[in-house]
Amino acid sequence: TARGRLLSFERHEWLRHGSCAGAHNEDDFFEQVCSLSRLPLQIMGGSGAKTNFKAMVAAMRKSGLPLYAVDYHNKQIELSVCASHNGRWKFAAPSRFSDVCRSESETNSGVGELVCKRGHRGPRCNGGAGCAGLAGCTRCAHSGFCTAEPLTATAALVE
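Residue positions are given per chain, counting from 1 as you read along its sequence in written order. Reporting of local features is limited, given that this is a predicted model, to residues whose pLDDT is at least 70; pairs of side-chain atoms are given and counted only at 80 or more, and all residues count toward the totals for whole chains, interfaces and linings. Excluding hydrogens and water, the side-chain values take into account all heavy atoms of the structure.

Q: Is there a simple way to explain the overall build of the protein chain in this structure?
A: Counting from the N terminus, the helices are DSSP H or I runs at least four residues long and the strands are E runs at least two residues long. In terms of regular secondary structure, the protein chain is built from six helices and six strands. Throughout, a contact is declared for two residues whenever any of their heavy atoms are within 4.5 Å. Taking contacts inside the protein chain between residues at least 6 apart in sequence as the whole, the part at least 24 apart equals 29%. To measure how exposed things are, a 1.4 Å probe is used in the Shrake-Rupley method; for residues, cover is taken only from the protein chains shown. Entry remark: accessible area of the protein chain is about 10000 Å², with carbon and sulfur atoms responsible for 53%.

Q: I tried to follow the packing of aromatic side chains on my own but got confused; where do I start?
A: How two aromatic rings sit relative to each other is given by the distance of their centres and the angle of their planes. Two rings from Phe, Tyr or Trp (for Trp, the six-membered ring) form a pair when their centres sit within 6.5 Å of each other. Planes less than 30 degrees apart are called stacked, planes more than 60 degrees apart edge-to-face, and all others tilted. For the structure shown, the criterion picks out four aromatic pairs. Look at F29 and F30: their rings are 4.8 Å apart centre to centre, the planes differ by 70°, and that puts the pair in the edge-to-face class. Where F53 meets Y72, the ring centres are 5.6 Å apart and the plane angle is 90°; that geometry is what we call edge-to-face. With F53 in helix α3 (residues 53–63) and Y72 in the loop between β1 (67–71) and β2 (76–79), this residue pair connects regions lying 19 residues apart in the sequence. Between buried and exposed lies partly exposed: a residue is buried under 20% and exposed over 50% of the maximum accessible area for its type, with that area taken using a 1.4 Å probe on protein chains only. Since its relative accessible area comes to 10%, F53 is described here as buried. On the basis of relative accessibility, which here comes to 42%, the residue Y72 falls in the partly exposed class. Taken together, the ring pairs connect W14, F29, F30 and W89 into an aromatic cluster.

Q: Before we go on, may I ask you to explain the pairing of β2 in this structure?
A: Residues in a regular strand point their side chains to alternate faces of the sheet. Two strands pair under a simple rule: DSSP has to find at least two bridges between them. Relative to β2, β1 runs antiparallel, the two being bridged by four bridges. Its bridge partner being in β2, L67 is matched across the sheet by L79. From the end of β1 to the start of β2, which pair antiparallel, there are four residues, and K75 there has a positive phi angle of about 55°.

Q: Got a minute to help me understand the packing of helix α1 (residues 2–18) against helix α2 (residues 26–46) in this structure?
A: The convention used is that axes are lines fitted to C-alpha atoms, helices contributing only their stretch in contact, and that angles between N-to-C directions extend from 0 to 180 degrees. Where α1 contacts α2, the two axes come as close as 11 Å, and the packing angle between them is 95°. One element, α1, and the other, α2, form an angle in the roughly perpendicular class. Where α1 approaches α2, its residues E10, E13, W14, H17 and G18 are matched on the opposing element by E26, F29 and F30. Gly falls in the polar group here, along with every residue not listed as nonpolar (Ala, Val, Leu, Ile, Met, Phe, Trp, Tyr, Cys, Pro) or charged (Asp, Glu, Lys, Arg). Of the residues belonging to the contact of α1 with α2, the class tally is three nonpolar, two polar and three charged. Angle categories are assigned with fixed cut-offs, so that under 35 degrees is roughly parallel, over 145 is roughly antiparallel, 65 to 115 is roughly perpendicular, and the rest are oblique.

Q: It is not clear to me how α3 should be interpreted in this structure. Could you clarify?
A: In an α-helix, one full turn covers 3.6 residues, which means residues spaced three or four apart are oriented alike. The complete set of buried residues in α3 reads F53, M56, V57, A59 and M60. Buried residues in α3, looked at end-on, bunch into an arc of 160°, giving them a common side. The outward face of α3, more than 90 degrees from its buried face, is lined by the exposed residues K54, R61 and K62. At its buried positions, α3 is contacted by α2, β1 and β2. Two to three positions downstream of the cap, the backbone nitrogen of K54 sits 3.0 Å from a side-chain oxygen, assigning the N-cap of α3 to N52. Remark: G64 follows α3 within two positions and exhibits a positive phi of approximately 90°. Here the arc refers to the directions that run from the helix axis out to each C-beta atom. Pairing of N or O atoms within 3.5 Å defines a polar contact, subject to two protein rules: one partner must be a possible hydrogen donor and the other a possible acceptor, and residues neighboring in sequence count only if both atoms are side-chain atoms.

Q: Got a minute to help me understand the confidence of the model for the protein chain in this structure?
A: Parts of the model with low pLDDT should not have their predicted coordinates read in detail. pLDDT is defined as a per-residue confidence score from the predictor, taking values between 0 and 100. Residue-level pLDDT values for the protein chain average 77, and 82% of them are 70 or greater. For the protein chain, per-element mean pLDDT is lowest for helix α5 (residues 104–109), which scores 40, and highest for β1, which scores 93. For residues 104–112, every residue scores under 50 in pLDDT, and the model assigns this stretch nine contacts once sequence neighbours within four places are set aside. This stretch, residues 154–159, has a pLDDT under 50; its non-local contacts, to residues over four places away or in other chains, come to eleven contacts.

Q: Mind showing me how you'd approach the nonpolar core here?
A: One recurring pattern in soluble globular proteins is that nonpolar side chains are buried together. Only buried residues count toward a nonpolar core, which is a set of Ala, Val, Leu, Ile, Met, Phe, Trp, Tyr and Cys residues joined through side-chain atoms within 4.5 Å. Core analysis: the largest hydrophobic core is formed by eight residues, namely W14, L15, A21, A23, F29, L36, A83 and W89. For W89, the contacting residues outside a window of four places in its chain are A21, A23, F29, Q32, V33, L36, V81, C82 and A83. Membership of the second largest hydrophobic core comes to seven residues, among which are C116, C125, C131 and A148.

The following block contains the structure:
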């Protein structure tokens, strides 16, 4: 059913992107996704490109928003965002993450807090054992941050 596919998609989005992205919970994750999508949708809709994917891509490139990737096969435009110390996401190119989304502890003391708490992103990591020995951290998530979220069978399939 259509409702079943929607619920499956929402579950995938939460497990794949939300649970490790610093969102406080599922509701916060989807509220932020919807909030962040308003401007790009307005840009694409105002460009007269409502059904022309290449025109949508051109409008996004012209907008100055940080275009991360374009998937012409699935007709998806990916924008780049980072999570600030309070879990709110901001548009930023990956090269600007440290300037745009510094953690509160980095801003105040110059050193990030090296712990993980459920529902919040932990310190940056590069896979493997990068989170070993950090308080509360269970693994390095696909997002590039340590997380306290356990790797479930469903999450393993999408990571």
